[in-house]
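# Structure at a glance
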Amino acid sequence: MNHSSNQENLKNKIYNGVRISPLEASSLFSWDLIELGAAADARRIMAFPSEQVGFIIDRIINYTNICDAACDFCAYHAGANPAGPYELSIDEILAKIQELVSVGGTQVMLQGGLHPHYTLDTYVNMVKTVKRNFPQIYLHSFSPSEIVHISRKSLVSIDEVISTLKSAGLDSVPGASDLLVDRIRSKVSPRKIAKQDWVGVMFALHRHGMKSSATMTYGMGETCEERIEHLNVIRDIQDKTGILRAFIPWSFSPANTKLKDIQPATGVDYLRIVAISRIFLDNVTFIQAGWLTEGLKLAQIALTMGANDMGGVLMEEKVVKATGIETKSGISEFIDIIKNSGKIPVLRDSEYNKIRIY
Ligand code: SF4
């Protein structure tokens, strides 16, 4: 079969809602961008037959940048950050949440480095204190790396870490996935968890009835096939657990990291990743447009090529900011961006329930 009839067959599969193979997904990287975006939008309509685009008012609180892992791709950890090490006190964390609550925010993402002295008690205390003071706040916090770190530091099982944090008040765990390809992980983050550890945390969260999400950081020297390998891990986990509420791809920002000589991924790369993710991940309802790293204007275009959520109107974020990217945004700007893409803005909660339609 020649190249064009292969492409025609694949196009038919996509428009008929048939699951595509990893090999077929790899071939999408050579498609014309507009044709790819249209196919992804057709799949978005099958997964989510609505023109509504959600967003949430949240705050990321990076509680410490002291980190045992010191990944090469990270500009945030204390060793890479010219501002030096810091740790937020519980009072500082509470003050930040109070600011969030006063502007109508509903979700907090506590995320930090793998601090060598933090144990399960440290995290339980953080969660309990936040929930005692702000019972209405949804804690979508920590990450699989932090869960594994706690388990190793406190010599307790992953299941025990999760059940203890859940009892303390943790609501869900973002699936910060980086790139789930061990060839790349062993090069850029050898001290962070391996792919199998990430998978293990996902199954453990599922056993405890907790939801998660998946992300993708691409542009760290991986091949197109390895990008699909990452998506395949996610599709498989979702088939087996159904715990992923959303998928969020973003490009690696090399500035201020040890990998600063890598050429940053382009806007076209980003749109291709969004579109291919939407087509390949036929079991994930929400794909977020990653305005945080790609900018609002590119995120807006992503909404027409497979994405259907804008994620958080973040009040604070230090990990991406450390790479020099400014992350200012506001509710009215979000609403304008969504409306101008022909969509309907919806303020939502962490479980993707609608709070207000604009
Ligand atoms: S990416 Fe996370 S684990 Fe790696 S150095 Fe940065 S804070 Fe630490």
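Residue indices follow the written sequence of each chain, beginning from 1 at its first position. Given that the model is predicted, a residue must reach a pLDDT of at least 70 before its local features are reported, and side-chain atom pairs must reach 80 or more before they are shown or counted; all residues, however, enter totals for whole chains, interfaces and linings. Side-chain numbers come from the whole structure's heavy atoms, not from hydrogens or water.

This part is about the packing of aromatic side chains. Side-chain rings of Phe, Tyr and Trp (the six-membered ring for Trp) are treated as a pair once their centres are within 6.5 Å; stacked means planes under 30 degrees apart, edge-to-face means over 60, and tilted covers the remaining angles. Taken as a whole, this structure holds 11 aromatic pairs when the rule is applied. Taken together, a centroid distance of 6.2 Å and an interplanar angle of 20° make the contact between Y63 and Y118 stacked. Taken together, the residues Y63 in the loop between β1 (52-62) and α4 (90-102) and Y118 in the loop between β2 (107-111) and α5 (120-133) connect sequence positions 55 residues apart. Of the two residues examined, Y63 and Y118, each falls in the buried class. Helix and strand assignments come from DSSP, with helices taken as H or I runs of at least 4 residues and strands as E runs of at least 2, each series counted from the N terminus. A simple rule labels every residue: compare its accessible area, found with a 1.4 Å probe on the protein chains alone, to the largest value its type can have, and call it buried under 20%, exposed over 50%, or partly exposed in between.

Structurally, the α-helix is built with 3.6 residues per turn, so residues lying three or four positions apart point the same way. In this scheme, a helix's expected span is set at 1.5 Å multiplied by one less than its residue total. Spanning 18 residues, helix α10 (residues 224-241) covers 26 Å between terminal C-alpha atoms, matching the ideal 26 Å at 1.5 Å per step. Those residues of α10 that sit buried are E226, R227, I228, H230, L231, V233, I234, R235, I237, Q238 and T241. Against the buried residues of α10 lie α2 (22-27), α8 (182-188), α9 (195-207), β5 (211-218), β6 (244-251) and α11 (267-280). A contact between two residues is defined here by any heavy atoms of the two lying within 4.5 Å.

Grouping buried Ala, Val, Leu, Ile, Met, Phe, Trp, Tyr and Cys residues that are joined through side-chain atoms within 4.5 Å yields what is termed a nonpolar core. By size, the foremost hydrophobic cluster in this structure holds 109 residues, and its most contacted members are L165, W198 and M310. At eight residues, α11 tops the list of elements feeding residues into this core.

One requirement defines pairing of two strands: DSSP has to find at least two bridges between them. If you trace the four strands from one edge of the open sheet to the other, you get β4-β5-β6-β7, paired in parallel fashion. Two strands close off the open sheet at either side, each with one partner strand: β4 (172-173) and β7 (286-287). Across two bridges, the pairing between β4 and β5 is parallel. Directly across from S172, in β5, lies its bridge partner K211. Working convention: axes come from line fits to C-alpha atoms, limited for helices to the stretch in contact. Angles between N-to-C directions cover 0 to 180 degrees. Of the strands in this sheet, β4, β5 and β6 are in contact with α9, which crosses β5 at around 160°.

We now examine the side chain of N65. Tracing the sequence through the fold places N65 in the loop between β1 and α4. Within 3.5 Å is the distance limit for a polar contact, defined as a pair of N or O atoms, with the added protein rule that one can donate a hydrogen and the other accept it, and that residues adjacent in sequence qualify only through two side-chain atoms. Within the structure, the side chain of N65 is placed 2.8 Å from the backbone nitrogen of Y86, a separation counted as a polar contact. Residues within four places of N65 in sequence aside, it is in contact with Y76, H77, A78, N81, G84, P85 and Y86.

Here a residue counts as near a molecule or strand whenever at least one of its heavy atoms sits within 4 Å of it. Around the ligand, a shell composed of C67, A69, A70, C71, F73, C74, H77, G113 and K192 is seen. Gly falls in the polar group here, along with every residue not listed as nonpolar (Ala, Val, Leu, Ile, Met, Phe, Trp, Tyr, Cys, Pro) or charged (Asp, Glu, Lys, Arg). By residue class, the composition of the shell around the ligand is six nonpolar, two polar and one charged.

Another aspect to go through is the environment of S143. With respect to the secondary-structure elements, S143 resides in the loop between β3 (138-139) and α6 (144-154). Spatially, the C-alpha atoms of S143 and Q111 are 7.3 Å apart, while their sequence positions differ by 32 residues. S143 has contacts with Q111, V173, P174 and A176, leaving out every residue within four places of it along the chain.

Honestly, it's all geometry; don't read function into it.
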